[in-house]
Amino acid sequence: MACLYYDRKSSIAQAQQPRFHGCSASRLIAYSSQTLKVLQSRPTSEENHADTLQDVFELIFAPLQDVVAYTGSAIYCADSKVRQCFPILFAWIADHMESVALYGLKTNTCPKCEVPTHELGTNTRSHRTRDYARYQRYKPENQNSGSESKDDHIMCHNLGIGQNIFHRLDRVSASDLYKPDMLHSIYLGLFKHMMDWIERFLKKHGRLEAFDDVSKALPPYPGFLVPKKAYREVTQWQGKEMRNLGHCILGVLAVALHQPGGAQVIPFKRALGCVRVLVDFNMMAQYRSHTSETIAYMEDYLDHFHKLNDIFLEFRVTKRTQDKVDKQRNQIRRQRALVIE
Amino acid sequence: MHDDNRQEENDLYQDLVRGESHFNFIKMHLLSHFCDHIGQFGNLRMYSREIRELTHKTQIKDGWRQSNTNDAARQIVHSYGRQHAIRMRLLNLESLKCRDADLSGDVLHHLDRTDSTMTAAAPVVHRRVLKGRREDVSNVVDFSGISRVSLNIIYRELI
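Here we summarise the structure given alongside this text. (Residues numbered from 1 in each chain as written. Chains lettered and ligands numbered in written order. Predicted model: local features only at pLDDT ≥ 70, side-chain atom pairs only at ≥ 80, totals over all residues. Heavy atoms only, no water.)

If you tally the helices and strands in chain B, you get eight helices and zero strands. Considering chain B as a whole, with its 159 residues, one finds that 36% of them fall into the buried category. Residue pairs at least 24 apart in sequence account for 56% of intrachain contacts in chain B once pairs closer than 6 positions are excluded. Of the roughly 9900 Å² of accessible surface on chain B, 51% is carried by carbon and sulfur atoms. (Helix = DSSP H or I, 4+ residues; strand = E, 2+ residues; numbered from the N terminus. Buried < 20%, exposed > 50% of the residue type's maximum accessible area, 1.4 Å probe, protein only. Contact = heavy atoms within 4.5 Å. Areas by Shrake-Rupley, 256 points an atom, 1.4 Å probe, with all protein chains shown as cover.)

This is the structure in structure tokens:
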């Protein structure tokens, strides 16, 4: 299995082959940081940037296209036989911002299905799969008929500037290239958000000290690295550390929230339930093999999470919502003042 | 009276916050594709990008340090390609030597010399190079001279 790889920060593309005799077989295919940086500094740069990206990837995919479409290629297999193979691109692992750049989408959109932004947090799964070839078919037509309908087209599918770089590949469905990735979507994505909520929750109920103390006092165990610092003292988290945290977070939280006061019983219970469901989902996702039963469990956990998560709703305050809330509150105060006068 | 007011304000604030906040962020949605994916393609693999992120150092940063910072992108690509080609060439010669192929004395001598330096510390240990200092590239140039192959041919054969 060979891997291709693209990095958004440094604008490089690499091909990686299995390691061979201690010689690192990762090969630099293209590196275009300079050109991209120059282009980015100009005002109309984004389209140019997308075009450069497109050109680079066409160059990279060119041999793959020829091989697949016409001849196939003879590949030496591990059992020392030579077989005629037709290699195709199967998966593209990237973090969300990178895949957004590669698929030519807007920031807050799913590369796999056409879910509208305001339904991202709901648990509906019936959205239509993205068909990138169709987007390309409609694009030129709309450009002729006028700018308004083009805008409609772009708006309704949340398309960004540039186009999907995979859509011209033969025998590849671009929306299937996206593969769920535990590191980016769970450890560095969801767990991080979850810790944010938990931290604020503990602060509100005055249990932050207890949480820190317990997480420092964890005993060592095979396969489990004892965290040396409390959660708040660590500034940057790696995937491995987050996974480690997933092992112990539920126990630590349960101890930190023991003996609740009268009004705290219900919120504590709900918060624990919510975290438990997330951790369970994560554990299930790591299974090496699945039956319909385990998949049903996973769906169950997700449903439960969407039912329970309103306990953390008040800690999902972003800067934008804060501004909105402040504005509304000021308005209400002003109205009240008027009424009193 | 004052406390009542404060309580009321607090409640109002909580209500507004609850009304405005939402869970509409992308990581929340991506989870819903997990189950479908398992149904279609089997279990989720634990992908790791560790190796590839680590190669930034050998492929780009070292290349940058070896360049004269003028049109650096081209030099970076060439520099890594060159090292890669040489390393492959060395491995090929090494295996030829193991099969008792007819190699010239110079090549054998050079292989013996590189044996101790290169294969012993096979994945080359990269220490932090101070800015402005260049890695020693003398053995690379030396080698292409000895095997009487120009770098261009090595490129054409191996890359």
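Once you've had a look at it, read on.
Across the contact, 79 residues belong to chain A and 53 residues belong to chain B. Summed over both sides, the interface of chain A with chain B buries roughly 6700 Å², with 66% coming from carbon and sulfur. Across the pair Lys324(A) and Glu20(B) runs a salt bridge whose closest N-O atoms are separated by 3.6 Å. Between the two partners, chain A and chain B, sit seven residue pairs in polar contact (both at pLDDT 80 or more). When residues of the side of chain A that touches chain B are traced back to their parent elements, those giving at least two are β1 (3-7), β2 (12-16), β3 (26-31), α3 (96-103), α7 (182-204), α10 (265-285), α11 (292-308) and α12 (319-340) of chain A. Here the side of chain A that touches chain B is composed, by residue class, of 35 nonpolar, 26 polar and 18 charged. (Buried area = accessible area lost by both parts, 1.4 Å probe. Salt bridge = Lys/Arg side-chain N within 4 Å of Asp/Glu carboxyl O. Polar contact = N/O pair within 3.5 Å; in protein donor to acceptor, adjacent residues only side chain to side chain. Nonpolar A, V, L, I, M, F, W, Y, C, P; charged D, E, K, R; others polar.)

Further remarks concern the pairing of strand β4 (residues 73-76) of chain A. All names here are of chain A. Where β4 meets strand β5 (residues 82-85), four bridges bridge the pair, whose relative direction is antiparallel. Directly across from Tyr-76, in β5, lies its bridge partner Val-82. The antiparallel hairpin formed by β4 and β5 contains five residues in its connecting segment, where Ser-80 sits at a positive phi of about 60°. (Pairing = 2+ DSSP bridges.)

If you roll a probe as big as a water molecule over the atoms, it shows you where there is empty space left. What the rule picks out here adds up to six cavities of 30 Å³ or more. Computed from the structure, the largest cavity encloses a volume of approximately 110 Å³. Along the walls of the largest cavity sit 14 residues, with Ala94(A), Asp95(A), His96(A), Tyr178(A) and Leu30(B) positioned nearest its centre. At the level of secondary structure, the elements contributing two or more residues to the lining of the largest cavity comprise α3 and α7 of chain A together with α2 (26-30) of chain B. (1 Å grid on protein atoms, 1.4 Å probe; cavity = no way out; pocket = protein on both sides within 12 Å on 5 of 7 lines; lining within 4 Å. Points joined across faces, edges and corners; volume = space filled by probe spheres on them.)

Our focus in this paragraph is the side chain of Arg207(A). Residue and element names in this part refer to chain A. Relative to the assigned elements, Arg-207 resides in the loop between α7 and α8 (208-216). Of the side chains with opposite charge, Asp-213 comes closest to the buried, unpaired Arg-207, at an N-O distance of 11 Å. Among the polar contacts made by the side chain of Arg-207, one reaches the main-chain carbonyl oxygen of His-258 at a distance of 2.7 Å. With residues near it in sequence (within four places) discarded, Arg-207 still touches Leu-202, Ala-256, Leu-257, His-258, Gln-259, Pro-260, Gly-261, Gln-264 and Phe-268. (Lys, Arg positive; Asp, Glu negative; His and termini not counted.)

In this section: helix α3 (residues 34-41) of chain B. Within the span of α3(B), buried status applies to Phe34(B), Cys35(B), His37(B) and Ile38(B). With its buried residues spanning 160° around the axis, α3(B) presents them on a single face. In α3(B), those exposed residues whose orientation departs by more than 90 degrees from the buried face are Gly39(B) and Gln40(B). For α3(B), the elements touching its buried residues are α7, α10 and α11 of chain A together with α2 of chain B. The first or second residue beyond α3(B) is Gly42(B), which carries a positive phi of 90°. (Arc of directions from axis to C-beta.)

Shape descriptors only; they carry no functional weight alone.
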